[in-house]
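Coordinate analysis (summary)
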Amino acid sequence: MLELQSDARAASRVRVLIVDDSAVMRSLLRSVVSTDAALEVAGTASDGLSALNALSVMRPDLVLLDVEMPVMNGLETLKLMRERAPRLPIIMCSALTQRGAQVTIESLASGASDYVAKPAGQSTREAARQALATELIPKIRALTMRRGELFATRGVSLFPSAAAQHVSARHVPTGAPAAVLIGVSTGGPAALDVTLSALPASFPLPVFVVQHMPDLFTRQLAERLNTRCALGVCEAADGMAVHAGRVYIARGDWHMKLVTAPGQPHTLLLDQAPLENHCRPSVDVLFRSAVRVYGGNLLAVMLTGMGHDGLAGTRTLYEFGATILAQDEATSAVWGMPGAIVHENLAHAVLPLQQIAAEILRVCAKPESEAMMLRESAV
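Summary of the structure given here. None of these values were measured; they are calculated from a predicted model.

What to know about the overall build of the chain
The number of helices and strands found in the chain is twelve helices and 15 strands. When each of the 379 residues of the chain is scored for burial, the buried share is 55%. Counting every atom, the chain has about 15,900 Å² of accessible surface; 53% of that belongs to carbon and sulfur.

Remarks on the pairing of strand E2 (residues 14-19)
By the criterion of burial, E2 is predominantly enclosed, with six of the six residues buried. Where E2 meets strand E3 (residues 39-45), six bridges bridge the pair, whose relative direction is parallel. Looking at E3, one finds that Val16 is bridged to Val41. Remark: the E2/helix H1 (residues 23-33)/E3 crossover connection has right-handed handedness.

Re the pattern of salt bridges
One pass over the full model with this rule turns up 16 salt bridges. Put simply, Asp36 and Arg141 hold a salt bridge, and the shortest N to O gap is 2.9 Å. Residue Asp36 is found in the loop between H1 and E3, and its partner Arg141 is found in helix H5 (residues 125-144); the two are separated by 105 residues along the sequence. When its relative accessible area of 10% is taken as the criterion, Asp36 is described as buried. We classify Arg141 as partly exposed; its relative accessible area is 42%. Among the ionic contacts, a cluster of salt bridges with common partners joins Glu106, Asp193, Arg224 and Arg228.

Here is what the cut-offs are and how they apply
Every chain begins its residue count from 1, and numbering advances along the sequence as written. With the structure being a predicted model, the display of local features is reserved for residues of pLDDT at least 70 and the display and counting of side-chain atom pairs for 80 or more, all residues being used for whole-chain, interface and lining totals. Calculation of side-chain values draws on the structure's entire complement of heavy atoms; hydrogens and water are dropped beforehand. Counting from the N terminus, the helices are DSSP H or I runs at least four residues long and the strands are E runs at least two residues long. For each residue, the accessible area found with a 1.4 Å probe, counting protein chains only, is set against the maximum for its type, and the residue is called buried under 20%, exposed over 50%, and partly exposed in between. All accessibility values rest on the Shrake-Rupley procedure with a 1.4 Å probe; residue burial counts only the protein chains present in the view. A pair of strands is labelled paired if DSSP reports no fewer than 2 bridges between them. Handedness is read with the strands pointing away from the viewer; a crossover is right-handed when the path from the first strand over the helix to the second is clockwise. Note on definitions: salt bridges are taken to be side-chain nitrogens of Lys or Arg within 4 Å of carboxyl oxygens of Asp or Glu.

Here's what the structure looks like:
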């Protein structure tokens, strides 16, 4: 069933199409969208087929798409929407269940822009509405923000460039990295799929990833990437020893830190210390701990994401002489996290997503003998 919004709209408002088979959820989403004067509900649909028909009629600026629906489920609908509207922002609405997490990860890897968890456990409708609004409204705004609106800076390229004007010699990376750090948020699963799947099985360094996601979702993400990548990928666990040539995904709702002790392998420490930048796991937490273990012998990569988590940690890495890469604006779902470090001239290279893996391999290139020694030293 398709419902059109009859109210006349202001030309500047963002038009949102709500797709969910639950009348209760459609009503809740409508009330959340209506709380922001910059947004308006273009209409609603109760199944995927109706939603596809609505695209050409309503011409929405963004779609809120349920994961589980009759007639045509969210993943099937998403793929067909992407064929018709490749750049239309689509946010998946998922239940916090194993099935919901699995389908959501598949959706994000198949082109969904972001996701939002449906409210669970709130005692009243108003509490559910407020919880959903806190998570959803910033994501809608970030995904529908005009290109370049967040930062005046655009199109920074490799050194030498305007981004390097006040970089002194001590800020030029000199040592070969001993580990790779990746921070990512909105648009992350697809970006990680492109980047990590391009690294060969012989890659000699450990890779640590903070992706902003809830618990359960990060395990599904790690399991999916493990089937897609030549490197082994796992969700981090407290006390886990670090091995060369492995990828560690921070567990949702837990900070991931690196710790070391004399004569012992580097180890992962997980805790639930307070949120940083409204995030747990936080990129800043990982970056700070990595400096204490590796010094400046690090390569940090900031991929697509909303907000500025990782900016403070990147400043520290930069001061210690680490190499910093950032995804460019054109290929980012949201140019918040990478844009923040570019805006402060902390990135040594700003690259399209498709070129980042090749740059990681170039920066981390080691003689074959050294690479073999690194892999053999892994316990």
